[in-house]
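As a plain string of letters, each chain reads:
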Amino acid sequence: MITRNARINEWIDECAKLTCPDSVVLIDGSDAQRDALRAEACSTGELLKLNQDLLPGCYLHRSAVNDVARVEDRTFICTRTKAEAGKINNWMDPDECRARLTRLFRGSMKGRTMYVIPYSMGIPGSRFAKYGVELTDSIYVVLSMLIMTRVGTQVLDCIEGDGFTKGLHSKADLDENERYIAHFPETNTIWSVNSGYGGNVLLSKKCLGLRLASYLGRTEGWMAEHMLILEVEAPDGHKTYVCAAFPSSCGKTNLAMLIPPEKYRKLGYKVRTLGDDISWLRVGGDGRLWAINPEHGFFGVAPGTGSRSNPNALATVDRETIFTNVCLDADKGTVWWEGHDDPPPVHAVDWKGRPWTPDMYDKRDKAGTSAAHPNSRFTAPIENCPSLSPAYFEPEGVPISAIIFGGRRAHTAPLVYQTYGWRHGTFAGSAIASETTAATTGAVGVVRRDPMAMRPFVGYDMGLYWQHWLDIGRRLSNPPKIFHVNWFRTDAEGRFMWPGYGENMRVLEWILARCEGKGDAVSTPIGLVPPEDGIDASGLDLAPGTMKELLSVDTAAWLRDCADLRDFYSFIGNTVPDELCRELDGLERRLHAAAGGKDS
Ligand code: OXD
Ligand code: MN
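What counts, and where the lines are drawn
- Residues numbered from 1 in each chain as written.
- Chains lettered and ligands numbered in written order.
- Predicted model: local features only at pLDDT ≥ 70, side-chain atom pairs only at ≥ 80, totals over all residues.
- Heavy atoms only, no water.
- Pairing = 2+ DSSP bridges.
- Helix = DSSP H or I, 4+ residues; strand = E, 2+ residues; numbered from the N terminus.
- Buried < 20%, exposed > 50% of the residue type's maximum accessible area, 1.4 Å probe, protein only.
- Domains from an automatic or database assignment.
- Contact = heavy atoms within 4.5 Å.
- Buried area = accessible area lost by both parts, 1.4 Å probe.
- Polar contact = N/O pair within 3.5 Å; in protein donor to acceptor, adjacent residues only side chain to side chain.
- Nonpolar A, V, L, I, M, F, W, Y, C, P; charged D, E, K, R; others polar.
- Disulfide = S-S within 2.5 Å.
- Axes fitted to C-alpha atoms, helices over the stretch in contact; angles between N-to-C directions.
- Parallel < 35°, antiparallel > 145°, perpendicular 65-115°, else oblique.
- Left-handed = near helix turned anticlockwise from the far one by under 90°.
- Phe/Tyr/Trp six-rings, centres within 6.5 Å; stacked < 30°, edge-to-face > 60°.
- Near = heavy atom within 4 Å.
- Areas by Shrake-Rupley, 256 points an atom, 1.4 Å probe, with all protein chains shown as cover.
- Donors = N, O, S within 2.8 Å, 3.2 Å for Na, K, Ca; no water.

(A) Spotlight on the sheet that holds strand E22 (residues 348-349). Pairing within the open sheet is antiparallel, and its four strands lie in the order E21-E20-E22-E23. Every interior strand has two partners, whereas the edge strands, strand E21 (334-336) and strand E23 (355-356), have only one.

Here you go:
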């Protein structure tokens, strides 16, 4: 008997009969068990122990070369009908999917141990926590889950009956052609097979934390969002909480760990971190929107992390961290990646385990020739973060004053604008888009619509998800104000016009002022934009006219964007809420009026 919960035991038995492990081991959350697993993983080469004097408790893992990222094309939502999964998600009939994956799981754990990981998303026992049990044949997954979530027998005590998400994961033989990440929302189950990459196999994160949670949130009246949470303390001690959603590679972890420029620090401003990836949001008794970060660690992208972009992240990963697919400094037993402060190691070993020198780098084949894989990661305990807010530990979370959406837009979106209210804000979220860069695709400026930065993570139909946003808004008597930012606007030479990173505090300052009914704003067709002197640019070395340009609204570009959004809405289909269609009509009308006004 593995646990005292008969439902959990029955399910473990069923999965063990299918996958045939040599033994079944319960993960109890103890340091002793963790240490034994670390030692075992080092003995098999699954982990490499780093220099324990310089990086105590830190290890390096190298994944299979074909298994380095989330696989959206192999991720399925298996609802009874295809319509429930919607147009964006891949869908498979649940019976067909179970049959197909049963073949792959059959005997897949022979010669291996099946680990049983009971974990909690949120503080165990709190009203907002959700529980999961993940069965896996990977020690890397166990050790990563111990960092990313709250794991152990105390979680089992919180689970009643089948009130938990069932997650079954097997590395199997890592066959990329038979790799599946399948979600069964109706039975609260996840099956993941043939991958070892975090986003596909740490089933707490994207699978439960966003896809199943968004589905549960719709039926239970709350929201699961791809959002960071941060706290800003003003000089008078007043604390404001902000959530922000950005598509991948738009700097969520950096914003979550922002250090204000010296000028703000001297004035007494403080920014603290509550989360960098997932927010679960509920309507409070006070009519405000309350957020928790249900995770317990960071699974961040290593390349680009340096003392300019994110000193707090650097300090977070100097102990008890698992690095995946970064570069090894073979002399020092430490790690390195592109964008690190240090020069490349003399004896560097790249993410594939081969000797590496800087001259091998070819930007046309970044992944194949960089020392660290562009999607190499750190998995680090949240409590390591120097800027962690004590409010992270509040079981009921924090009241949110502002929601910030953002994307990577070279021209269209201004540095910041405020929407006219929850409905217009929901519309702005539905329209989030990010432009791909030449470095990643070869085609500059290809717009990928990524509504609320949730395109790969909504566990049901996108139109119904937007309706859920509108429905939640109606229950909020004091809703957060909704903003849109764009740190990535470029000039005629393609150079970024805004310095970003810590200087984003200047934009936050305007946002916070707006939340308090202060701060000037100019009404434009797209929303409320700061006047040219509305953002404090003192001490920044901006060329004359830059702020004007950053805050300008290019009517023609916006009209083109509206046409693209109209196509996207048609693709989503007739579940797109009428209210959002009317918002789109209104925006187009205002833009035409502005364009007409200018022409005449
Ligand atoms: C992501 C991540 O892919 O957080 O969004 O890993
Ligand atoms: Mn993410």
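Further notes follow.
(B) The pairing of strand E18 (residues 297-301), seen in detail. Taken across its five residues, E18 has four buried, putting it largely inside the fold. The pairing of E18 with strand E24 (residues 377-381) spans five bridges and is antiparallel. Within E24, the residue paired with Val301 across the bridge is Arg377.

(C) Structural context of the domain arrangement of the protein chain. If you check the domain split of the protein chain, you get domain 1 (6-46 + 71-220), domain 2 (225-296 + 389-594) and domain 3 (297-384). Taken over C-alpha atoms, the centre of domain 2 sits 29 Å from the centre of domain 3. On the side of domain 3, eleven residues touch domain 2, which itself brings 15 residues to the contact. For domain 2, the biggest contributors to the area lost against domain 3 are Met257, His296 and Tyr501; these three give 45% of the whole. The interface formed by domain 2 and domain 3 holds five residue pairs in polar contact (both at pLDDT 80 or more) in total. If you list the elements that add at least two residues to the side of domain 2 that touches domain 3, you get helix H9 (252-256) and strand E15 (270-275). Its residues assigned to classes, the side of domain 2 that touches domain 3 comprises eight nonpolar, five polar and two charged.

(D) Spotlight on the side chain of Thr305. Position of Thr305 among the secondary structure elements: in the loop between E18 and helix H11 (311-316). Among the polar contacts made by the side chain of Thr305, one reaches the main-chain carbonyl oxygen of Val301 at a distance of 3.1 Å. What Thr305 contacts, discounting residues up to four positions off in sequence, is Asn310, Ala313, Leu314, Trp337, Gly339, His340 and Phe378.

(E) A look at the state of the cysteines. Summed over the entire model, instances satisfying the criterion amount to zero disulfides. Of the cysteine sulfurs around Cys243, a residue in no disulfide, the closest is that of Cys515, at 12 Å. On the basis of relative accessibility, which here comes to 0%, the residue Cys243 falls in the buried class. Judged by relative accessible area, which is 21%, Cys515 ranks as partly exposed.

(F) Main features of the packing of helix H13 (residues 422-430) against helix H15 (residues 462-474). Running from amino to carboxyl end, H13 crosses H15 at an angle of 155 degrees, the nearest separation of the two axes being 10 Å. With respect to H15, the element H13 is oriented roughly antiparallel. Between H13 and H15 lies a crossing whose hand is right-handed. Residue-level contacts link Trp422, Arg423, Thr426 and Ser430 of H13 to Trp466, Trp469, Leu470, Ile472 and Gly473 of H15. When grouped by side-chain class, the residues that make up the contact of H13 with H15 number five nonpolar, three polar and one charged.

(G) Region of the structure containing the environment of Arg474. Relative to the assigned elements, Arg474 resides in helix H15. The exposed category is assigned to Arg474, whose relative accessible area is 52%. Along the sequence, Arg474 and Arg423 sit 51 residues apart, while their C-alpha atoms lie 9.3 Å from each other. If we ignore the near neighbours within four places in the chain, the residues touching Arg474 are Gln467 and Glu579.

(H) Fine view of the packing of aromatic side chains. Applying the stated rule across the entire model yields 19 aromatic pairs. Between Phe76 and Tyr180 the ring centres are 5.9 Å apart and the planes differ by 40 degrees, which places this aromatic pair in the tilted class. Linking Phe76 in strand E4 (residues 75-77) with Tyr180 in strand E10 (residues 180-184), this pair joins segments that are 104 residues apart in sequence. There is no split in this pair, since Phe76 and Tyr180 are both buried.

(I) Structural context of the site of ligand 1. Taken together, the neighbourhood of ligand 1 is formed by Arg70, Lys206, His226, Ser248, Asp277, Arg377 and Phe457. Between Lys206 and ligand 1, the recorded distance is 3.0 Å, taken from a side-chain N or O atom to an oxygen atom. The separation between an oxygen atom of ligand 1 and a polar side-chain atom of Asp277 is 3.2 Å. Alone, ligand 1 offers 210 Å² of accessible surface; in the complex the protein occludes 88% of this. Residues of the shell around ligand 1, tallied by class, amount to one nonpolar, two polar and four charged.

(J) Looking closely at the coordination of the manganese ion (ligand 2). Looking at the metal site, the manganese ion (ligand 2) is ligated by Lys206 (NZ), His226 (NE2) and Asp277 (OD), spaced 2.1 to 2.2 Å from it. Every donor residue of the manganese ion (ligand 2) comes from the same chain, spaced as K-x19-H-x50-D. With His226 in the loop between strand E12 (223-225) and strand E13 (228-233) and Asp277 in the loop between E15 and strand E16 (279-283), this residue pair connects regions lying 51 residues apart in the sequence.

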